[in-house]
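Structure at a glance
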Amino acid sequence: QVQLVESGGGLVQAGGSLRLSCTASGSTFSTYAMGWLRQAPGKERESVAAISRSGGSTNYADSVKGRFTISRDNGKNTVILQMNSLKSEDTAVYYCAAGRPQFSFSYFARKGEYDVWGQGTQVTVSS
């Protein structure tokens, strides 16, 4: 089972950009579907973006389409969330997550029931 560590969160002004990174330990990273989820205070956790094992397919929440981009590098065991045109409503704790091989990445994007989670990184967008 992989372990996940996120980095790259911080404080940014509205309209700015941030790049979140998630690095996985272990040699089986490429067998996991990956996703980024977020949870704002008082709100339910929501799936932001998901990516298939090969990186060839992606899925985004409507609220971030056209602004966020998820990518992965299986050779480096990393998954990236590039966030542009940030809005105050993007403020949340962002989590990197990995889904087991038995299910498709679209299942995890839809259900959010990933198997392995990072510790989370805070993103704060000031208006």
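What comes next concerns the included structure. (Residues numbered from 1 in each chain as written. Predicted model: local features only at pLDDT ≥ 70, side-chain atom pairs only at ≥ 80, totals over all residues. Heavy atoms only, no water.)

1. Observations regarding the sheet that holds strand β1 (residues 4-7)
Judged by pairing direction, the sheet is antiparallel, and its four strands sit side by side in the order β1-β3-β8-β7 without closing on themselves. With partners counted over all chains shown, the strands left at the sheet margins are β1 and β7 (68-73), one partner each. Across the sheet, the mean angle from the axis of one strand to that of its neighbour is 15 degrees, orientation sign disregarded. Note that β7 and strand β8 (residues 78-83) share six bridges and pair antiparallel. Each residue of the ladder has a partner; that of I70, found in β8, is L81. (Pairing = 2+ DSSP bridges. Helix = DSSP H or I, 4+ residues; strand = E, 2+ residues; numbered from the N terminus. Axes fitted to C-alpha atoms, helices over the stretch in contact; angles between N-to-C directions.)

2. Side note on the pairing of strand β5 (residues 46-51)
In terms of burial, β5 is a largely internal element, five of the six residues being buried. Strand direction decides the pairing type here: strand β4 (residues 33-39) and β5, joined by five bridges, are antiparallel. Bridging from a neighbouring strand, M34 pairs with I51 of β5. Between the antiparallel neighbours β4 and β5 lie six residues, among them G42 with a positive phi of about 75 degrees. Note: β5 against strand β6 (residues 58-60), three bridges, orientation antiparallel. When the bridges of β6 are listed, A50 appears paired with N59. (Buried < 20%, exposed > 50% of the residue type's maximum accessible area, 1.4 Å probe, protein only.)

3. A closer look at the nonpolar core
Core analysis: the biggest nonpolar cluster contains 31 residues, and L4, M34, W36, L81, M83 and Y94 have the highest contact counts within it. For this core, the elements supplying multiple residues, two or more each, are β3 (18-24), β4, β5, β7, β8, β9 (92-99) and β11 (121-126). Membership of the second largest hydrophobic core comes to nine residues, among which are A50, A97, F105 and Y114. (Core = buried A, V, L, I, M, F, W, Y, C linked by side-chain atoms within 4.5 Å.)

4. Observations regarding the pairing of β1
Of the two faces of β1, the one holding L4 and E6 is buried and the one holding V5 and S7 is not buried anywhere. Pairing geometry for β1 and β3, over four bridges, is antiparallel. Note on β3: the bridge partner recorded for S7 is S21.

These values are about where atoms sit, not about what they do.
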